[in-house]
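Examination of the molecular architecture
One-letter residues, chain by chain:
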Amino acid sequence: MKLWLRVWAEKELSEIEKHLLVIGDAKGDCGQCKELGLDYKTVKECPHCHTTFSYVTSRRFGTHPGERFQIVRRLGELRKDLTWVDYEDYKTLTGRQKARDFFSG
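Residues numbered from 1 in each chain as written. Predicted model: local features only at pLDDT ≥ 70, side-chain atom pairs only at ≥ 80, totals over all residues. Heavy atoms only, no water.

Details of the overall build of the protein
Applied cut-off: Segments assigned H or I by DSSP are reported as helices when at least four residues long, segments assigned E as strands when at least two residues long, and all are numbered from the N terminus. Our radius of gyration looks at C-alpha atoms and nothing else; its globule reference is 2.2 Å times the residue count to the power 0.38. Exposure classes here rest on a 1.4 Å probe applied to the protein chains alone. A residue is buried below 20% of its type maximum, exposed above 50%, and partly exposed in between. A contact between two residues is defined here by any heavy atoms of the two lying within 4.5 Å. All accessibility values rest on the Shrake-Rupley procedure with a 1.4 Å probe; residue burial counts only the protein chains present in the view.
Helices and strands together make up the secondary structure of the protein, namely 4 helices and 4 strands. Helices and strands appear in the protein in the N-to-C order α-β-β-β-α-α-β-α. Radius of gyration (C-alpha) of the protein: 14 Å, near the 13 Å computed for a compact globule of 105 residues. Each of the three principal axes of the protein carries a C-alpha extent, and together these read 50 × 30 × 25 Å. The buried share among the 105 residues of the protein stands at 33%. Pairs at least 24 residues apart make up 56% of the contacts formed inside the protein by residues separated by at least 6 positions. Counting every atom, the protein has about 7500 Å² of accessible surface; 54% of that belongs to carbon and sulfur.

So, in C-alpha cells, the structure goes:
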C-alpha cells in the first residue's frame, strides 16, 4: 500500500526557487518570475518566463497545517510530475538566504 510520507533531501535552494510552482487557494504562481494566476492542475511551464516546474508547494500548509496531507494527496494524484516542498521550510530558508545576501553585499 502506498502512503504519503515526508522525506528530507539535500537540495540546492536556488534550483528549487527556479523551478517552483507555488499554489494558493485557487491558482498558482511561478517561483522564478512571480507570474500570477497559473492553473496549477495543468501548467507544466510558466507562460511568461518559460521555466519548467519540477517542485510544488502550497501556501495553505502554513495557514491550514491540519490539511497538509490532504492537499498533497489530492493534488499529488493530479501532478505526479512534481516534487512537494514544505512551504514553511522554503520560506524560512529563502528568508535566511536573502538576509545573508543583504549583509554580505
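A look at a positive patch on the surface
As a reminder of what qualifies: Here a patch means residues that are over 30% exposed by relative accessible area and free of salt bridges, tied together within 9 Å if like-charged and within 5 Å if nonpolar (Val, Leu, Ile, Met, Phe, Trp, Tyr). By convention in these notes, a salt bridge is any Lys or Arg side-chain nitrogen within 4 Å of a carboxyl oxygen on Asp or Glu. The positive count covers Lys and Arg only, the negative count covers Asp and Glu only, and His and the chain ends enter neither. Where a charge sits is defined by one atom per residue type, namely NZ (Lys), CZ (Arg), CG (Asp) or CD (Glu).
A contiguous patch of positive charge on the surface is contributed by Lys27, Lys41, Arg73 and Arg74. Examined against the element boundaries, Arg73 turns out to sit in helix H3 (residues 68–78).

Quick word on the pairing of strand S1 (residues 20–23)
To keep things clear, this is the line we draw: Think of it this way: DSSP has to see at least two bridges between two strands before they count as a pair.
Side chains of S1 alternate between two faces, with Leu20 and Val22 and Leu21 and Ile23 buried alike. Inspection of the sheet shows S1 paired to strand S3 (residues 55–58) by 4 bridges, in the parallel sense. Counted as the bridge partner of Ile23 is Ser58 from S3. When S1 meets strand S2 (residues 28–30), the two strands line up antiparallel, connected through 3 bridges. Counterpart to Val22 in the pairing with S2 is Asp29. Adjacent in sequence and paired antiparallel, S1 and S2 are bridged by 4 residues.

With respect to the sheet that holds S2
Spatial ordering of the open sheet is given by S2-S1-S3-S4, a layout of 4 strands whose pairing is mixed. Edge positions in the sheet fall to S2 and strand S4 (83–84), since each has one partner strand and no second.

A word on the nonpolar core
Selection rule: Here, nonpolar core refers to any group of buried Ala, Val, Leu, Ile, Met, Phe, Trp, Tyr and Cys residues whose side-chain atoms link them within 4.5 Å.
Of all hydrophobic cores here, the largest spans 22 residues; its most connected members are Leu20, Leu21, Phe53 and Trp84. Counting residues per element, this core draws most heavily on S1, at 4 residues. When residues no more than four places from it in sequence are discounted, the contact partners of Trp84 are Trp4, Ile23, Val56, Thr57, Ser58, Phe61, Ile71, Val72, Leu75 and Gly76.

It is worth stressing that arrangement in space is one thing and function is another; only the former is reported here.
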